[in-house]
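# Survey of secondary and tertiary structure
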Amino acid sequence: MAAATWCYHGDPEPEQPAVLVQFSNGRVRQADSIRFTVYRNKDTAHPRKKHRRILVSETERLSYVGNNFSSEVRKCNSLCRYFVGVLDKDSGQMQVYNAEIFSLQPLLSDNLIPDDTKDYQKKSYREKMDLCIETFGTSKQKRALNSRRMNAVGNDILNTAVTEAAANIIDAKGVTALIQDMAQDDVQNISIFLPPCNEDADKPEDVYKFEDILSPAEYEALRVPAAVFVNITAEEIAKKTEDKSHCSFVLEELKFLPADEKSRDHKARCLWFLDTLIKFSYLKMIKKKHPMGPECPHIISRKLMKNFTSLTYNNGSVQNLISASMKAKITAYVIALALHINNFQTDLTVLQNDVKLKESRMMDIAKAMRLKVSKAKGLPGLENDQNHKLGTLSLPLPVQKASGNQRKRKKMN
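A quick note: this is a predicted structure, and the numbers were derived from the prediction, not measured.

## What about the confidence of the model for the protein?
The predicted model of the protein has a mean per-residue pLDDT of 78, with 74% of residues at 70 or higher. Note on residues 1–12: pLDDT is under 50 here. Beyond four places in sequence and across chains, it has 31 contacts. Ignoring residues within four places in sequence, the model shows residues 111–115, a span with pLDDT below 50, making five contacts including any to other chains.

Following this line, the structure appears as structure tokens:
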């Protein structure tokens, strides 16, 4: 804010200059309402001290102080002379007086150390350092101190306003409603990465429609690469299991391919795409144009890059990234496809190991997909002494609940 100079009202005394006042942080709107007080040094015999003055001003909001002897006084005051002219309107004559400029700074705290040393000893280290800066600090240190104090005042005002606003929201809505909103937001953050859900479906297969996972054109493109699964033998499955060339879910399901040619081909295509999705989730930064190899159809590669990656800027070029949210999206589509393969009940623990996710994250995604989660023991894919989590898609769909991040914390003694 631009500073404004104002004359101190009062008749100048003989041999005493008039006082010109300059406020450092703003303009004066009503000069008549400001009160000024001048303090003089008592040592009138000392050639320097007798000219020392302290000027104090009080307004409705702040107090200001300035002097003509500290290091903060402008150097130009000793090089220039200032005059004030008082015009007599009746006679038309002007009387000229010597003048002196005072620069007033906001006084945010008591700058004097109290006589009672007990109060001083109670002050913090920061407060003691501030007192030292006020008394012995350089001009730069004092300006920094004033700036920090004024910022602190502004922060206090802001914090008060935020606290009042929060209190008004809590009073208007209630704590219980706010907690429910937070839980709902957490579920919605995962829900945006789920396959389209038809909550009004009459059959489980219509909740997550197969066409929303694989379009007819994409499904047709899978016929050629999935042919290796259609005619696979038990020896080849054992060899692939030993080599771990496919995920556990796919290797287990290959053992139970239907005898019917059409059903066998359909399951083979679904398993090939599910295996490709899981392998794709292992990648982080996509640098190749065809990351899943030449055997992957172009339409499938384009689907993976478009629907399951995020664009990022790295090393001067735009690249595709599989972020944590994209990995959650891939997992959701893997679960939906596994449900279609396994008559809408699937082993979530096996899929969790395949996609390499934490159990809590896997359960969050399953619950967001409105699956009923139950426990089962001794299913293929894990050791027999471990519990498996089964996910079942059945109607009516269960009501959405808060995710695992909102679980109750254990009480600490």
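## Regarding the side chain of D275
Along the chain, D275 turns up in helix α10 (residues 261–281). Of the residues examined, D275 reaches a relative accessible area of 4% and is grouped as buried. Apart from the residues lying within four places of it in its own chain, the contact partners of D275 are H246, C247 and V250.

## A word on unusual backbone geometry
Cis geometry marks the peptide bond from L395 to P396, where omega comes out at -5 degrees. Secondary-structure assignment places P396 in the segment after β13 (387–392). Look at K244: it is not a glycine, yet its phi comes out positive at around 55 degrees. Structurally, K244 is set in the loop between α8 (234–243) and α9 (248–253). Under the relative-accessibility criterion, K244 is labelled exposed at 71%.

## Some words on the pattern of salt bridges
All chains considered together, the criterion is met by 12 salt bridges. One salt bridge in this structure joins D265 and R269, with 2.8 Å as the shortest N-O distance. Of the two residues, D265 and R269 are both situated in helix α10; the distance of four residues between them amounts to about one turn of the helix. Residue D265 is classed as buried on the basis of its relative accessible area, which comes to 19%. Overall, R269 belongs to the buried group, its relative accessible area being 6%. As a salt-bridge pair, E359 and K389 come within 2.5 Å of each other at their nearest N and O atoms. Residue E359 is located in helix α14 (residues 359–368), and its partner K389 is located in strand β13; the two are separated by 30 residues in the primary sequence. The class for E359 is partly exposed, based on a relative accessible area of 37%. Among the charged side chains, a network of salt bridges with common partners joins E220, R223, D265 and R269.

## Observations regarding helix α13 (residues 348–355)
Summarising burial for α13: seven of the eight residues are buried, a large majority. Of all the positions in α13, only L348, T349, V350, L351, Q352, D354 and V355 are classed as buried. In this structure D347 caps α13, since a side-chain oxygen of it lies 3.0 Å from the backbone nitrogen of T349. In the stretch just after α13, K356 is the one whose phi turns positive, near 60 degrees.

## Observations concerning helix α12 (residues 324–341)
Every α-helix carries 3.6 residues per turn, so stepping three or four residues along brings you back to the same face. A rise of 1.5 Å per residue sets the reference length of α12, with its 18 residues, at 26 Å; its end C-alpha atoms lie 26 Å apart and thus fit the reference within 8%. The positive-phi residue at the C-terminal boundary of α12 is N343, with phi of around 55 degrees.

## Things to note about the packing of aromatic side chains
Summed over all chains, the structure comprises two aromatic pairs. The interplanar angle of 80 degrees and the centroid separation of 5.8 Å between the aromatic rings of F210 and Y219 together place this pair among those described as edge-to-face. Given the relative accessible area of 15%, F210 is considered buried. With 5.3 Å between their ring centres and 85 degrees between their planes, F308 and Y333 make a pair best called edge-to-face. Pair noted here: F308 is in the loop between α11 (298–307) and β9 (310–314) and Y333 is in helix α12, with a separation of 25 residues, a long-range link. Classification of Y333 by relative accessible area gives buried; the value is 10%. The aromatic ring of Y219 is capped on one face by R269, whose charged end is 4.6 Å from the ring centroid. Cation over ring: K356 sits above Y282, and NZ or CZ is 4.4 Å from the ring centre.

About the criteria used
Residues numbered from 1 in each chain as written. Predicted model: local features only at pLDDT ≥ 70, side-chain atom pairs only at ≥ 80, totals over all residues. Heavy atoms only, no water. pLDDT = per-residue confidence, 0-100. Contact = heavy atoms within 4.5 Å. Helix = DSSP H or I, 4+ residues; strand = E, 2+ residues; numbered from the N terminus. Buried < 20%, exposed > 50% of the residue type's maximum accessible area, 1.4 Å probe, protein only. Salt bridge = Lys/Arg side-chain N within 4 Å of Asp/Glu carboxyl O. Polar contact = N/O pair within 3.5 Å; in protein donor to acceptor, adjacent residues only side chain to side chain. Expected span 1.5 Å × (residues − 1). Phe/Tyr/Trp six-rings, centres within 6.5 Å; stacked < 30°, edge-to-face > 60°. Lys NZ or Arg CZ within 6 Å of the ring centre and 35° of its normal.

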